[in-house]
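Structural description and commentary
Here is what each chain is made of, one letter per residue.
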Amino acid sequence: MWLAYQDRLKTKQKLLNMGMIEDNICPICCTQTETKDHFFFSYEFSRQYIDMLRQWLKVMWNVRSLKDLYRKCCMPRSKVKVIEAILGNLVYAIWRARNEVVWLKQVITVRRVFVTVKQESKLRLSHLSWSRPIHNWVKEL
Ligand SMILES: [Zn+2]
């Protein structure tokens, strides 16, 4: 779901391919091409988000990037649905933070993005119906 969502993101590389802009340099690090993979997977931020997710969800993942996490997510199915929802919120929040850099020239820290993801995820997840154990797990997050 979130991988499909990322393919719709108008990264600078995509806009350059469409002839709409003149450079494809990432607006945050200013050193590499801005592609979805750069943003969500190769970025050093990706690892920081993994660490924060580990701490928050109290799970032990032996992964180094969001991509690995998505591939190797080995948990009960019902928990995977919660994780997927959170990853969807994370992708959206990272992209929103990137847009604030581009349009408002405001840099938002990784920690600030993550706090927003936690708040929004808890709110959204609390409105969905889950089995009792998952409901309790979500409630304690
Ligand atoms: Zn960059």
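Anyway, here's the lowdown on the structure attached to this text. (Residues numbered from 1 in each chain as written. Predicted model: local features only at pLDDT ≥ 70, side-chain atom pairs only at ≥ 80, totals over all residues. Heavy atoms only, no water.)

What follows covers the coordination of the zinc ion. For the zinc ion, every protein donor is listed as Cys26 (SG), Cys29 (SG) and His38 (NE2), and the spread of their distances is 2.1 to 2.2 Å. Going along the chain, you hit the donors of the zinc ion in the pattern C-x2-C-x8-H. For cysteine 29, a relative accessible area of 26% corresponds to the partly exposed category. Given a relative accessible area of 4%, histidine 38 falls into the buried group. (Donors = N, O, S within 2.8 Å, 3.2 Å for Na, K, Ca; no water. Buried < 20%, exposed > 50% of the residue type's maximum accessible area, 1.4 Å probe, protein only.)

Moving on to the pattern of salt bridges. Opposite charge on two side chains permits pairing when their charged atoms draw close. Under the defined criterion, the tally for this structure stands at 4 salt bridges. Between aspartate 23 and lysine 12 there is a salt bridge whose closest N-O contact spans 2.9 Å. You can see aspartate 23 sitting in the loop between α2 (12–17) and α3 (36–42) and its partner lysine 12 sitting in helix α2, a full 11 residues away along the chain. For lysine 12, a relative accessible area of 16% translates into the label buried. Close ionic contact of arginine 98 with glutamate 34 constitutes a salt bridge, the shortest N to O distance being 2.8 Å. Within this pair, whereas arginine 98 is found in helix α6 (residues 77–104), its partner glutamate 34 is found in the loop between α2 and α3, the two being separated by 64 residues in sequence. The same class applies to arginine 98 and to glutamate 34, which are both buried. (Salt bridge = Lys/Arg side-chain N within 4 Å of Asp/Glu carboxyl O. Helix = DSSP H or I, 4+ residues; strand = E, 2+ residues; numbered from the N terminus.)

According to the stated counting rule, one finds 0 disulfides in the structure shown. Cysteine cysteine 30 shares no disulfide, and the gap to the nearest cysteine sulfur, in cysteine 29, comes to 6.6 Å. (Disulfide = S-S within 2.5 Å.)

Moving on, we come to the packing of aromatic side chains. Under the definition given, this model contains 1 aromatic pair. Judged by centre distance (5.9 Å) and plane angle (90°), the rings of tryptophan 56 and phenylalanine 114 are edge-to-face. Of the two residues, tryptophan 56 sits in helix α4 (residues 44–57) while phenylalanine 114 sits in helix α7 (residues 110–126), which places them 58 residues apart along the sequence. Like tryptophan 56, the residue phenylalanine 114 is buried in the burial classification. (Phe/Tyr/Trp six-rings, centres within 6.5 Å; stacked < 30°, edge-to-face > 60°.)

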